[in-house]
Amino acid sequence: MLKTRILSALLILFTISVNAKTEPAKNTNATGIQFFKGTFQQALAKAKKENKMIMMDCYTTWCGPCKILKNQVFTDKALGDYMNQKYVCVAMDYENGEGPAVAQKYPVDAYPSIYFMDNNGKVKTIMVGVPNPIPNAANVILAQAKKFVK
């Protein structure tokens, strides 16, 4: 009986792990959020120069919900149109590159976490996890983002 439960639990974990690694076909239309390529300090400078807010997606490469945000939510056209116009968006891998250093100043309790901050790096709010239901997640993030733009 115990062996059956352990085997069932392992099978469920394996299935979740395999599904989390599966990525949908790449969107060639480049809709959705266009993340800034550069350092966090460069993103702050760009936000100041353009008088924009900052949205920072804090993720890890192994995080299944992070992949859902990246592949199913951040690709939303309406969300991307707004965020690309009003925010400098940064995707920060908290385990690689400059991520661990940024994590010292902007810690997270869980992945994914989305920081909304002004162009001085002052945190306005943090969203943790993927808003449910997933088909409405982009609208939830969009509504949150609109609260901080004048």
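Everything below is about the structure shown above.
What this report covers is the structure whose coordinates are included nearby. (Residues numbered from 1 in each chain as written. Predicted model: local features only at pLDDT ≥ 70, side-chain atom pairs only at ≥ 80, totals over all residues. Heavy atoms only, no water.)

**Brief notes about the layout of surface pockets**
Filter applied, for reference: Note on definitions: the grid is 1 Å and covers protein atoms alone; a cavity is a set of points where a 1.4 Å probe fits but cannot get out; a pocket is an open set with protein on both sides within 12 Å along at least five of seven lines; lining residues have an atom within 4 Å of a point. Grid points are joined across faces, edges and corners, and a volume is the space filled by probe spheres set on the points. Following the grouping adopted for this structure description, the nonpolar residues are Ala, Val, Leu, Ile, Met, Phe, Trp, Tyr, Cys and Pro, the charged ones are Asp, Glu, Lys and Arg, and the polar ones are all others, Gly among them.
In this model, the second largest pocket occupies a volume close to 210 Å³. For the second largest pocket, the full set of lining residues is Glu 50, Asn 51, Lys 52, Met 53, Lys 86, Asp 118, Asn 119, Lys 124, Phe 148, Val 149 and Lys 150. Tallied by class, residues from the lining of the second largest pocket come to 3 nonpolar, 2 polar and 6 charged.

**Digging into a nonpolar patch on the surface**
To be explicit about the condition: To count toward a patch, a residue needs a relative accessible area above 30% and no salt bridge. Like charges then connect within 9 Å, nonpolar side chains (Val, Leu, Ile, Met, Phe, Trp, Tyr) within 5 Å. Where accessible areas are quoted, they stem from the Shrake-Rupley method and a 1.4 Å probe; at the residue level, only the protein chains shown are allowed to cover. Whenever a carboxyl oxygen of Asp or Glu lies within 4 Å of a side-chain nitrogen of Lys or Arg, that contact is scored as a salt bridge. Helix and strand definitions here come from DSSP, where helices need a minimum of 4 consecutive H or I residues and strands a minimum of 2 consecutive E residues; each element is numbered from the N-terminal end.
Taken together, the side chains of Val 123, Ile 126 and Val 128 make up a nonpolar region of the molecular surface, amounting to roughly 220 Å² of accessible area. Relative to the helices and strands, Val 123 is located in strand S4 (residues 123-128).

**A few points about the nonpolar core**
Heads up, the condition is: We define the nonpolar core as a collection of buried residues of types Ala, Val, Leu, Ile, Met, Phe, Trp, Tyr and Cys that are connected through side-chain atoms lying within 4.5 Å of one another. The rule is simple: take the accessible area with a 1.4 Å probe, protein chains only, and divide by the maximum for that residue type; under 20% is buried, over 50% is exposed, in between is partly exposed.
With 20 residues, the main nonpolar core has Met 55, Leu 79, Met 83, Tyr 87, Phe 116 and Ile 141 as its most contacted residues. Elements with a minimum of two residues in this core: strand S1 (53-59), helix H3 (64-73), helix H4 (77-86), strand S2 (87-93), strand S3 (113-117) and helix H6 (137-146). The greatest single-element share of this core, amounting to 5 residues, is contributed by H6.

**Concerning the state of the cysteines**
Put simply, the rule reads: Pairs of cysteine sulfur atoms within 2.5 Å are what we label disulfides.
The full count for this structure, using the stated rule, is 1 disulfide. Shown here is the disulfide that connects Cys 63 with Cys 66, its sulfur atoms set 2.4 Å apart. As the torsion about the S-S bond is roughly 80 degrees, the Cys 63-Cys 66 disulfide counts as right-handed. The pair Cys 63 / Cys 66 is uniform in exposure class, with both members buried. Not engaged in a disulfide, the cysteine Cys 58 finds its nearest cysteine sulfur in Cys 66; these two sulfurs lie 9.2 Å apart.

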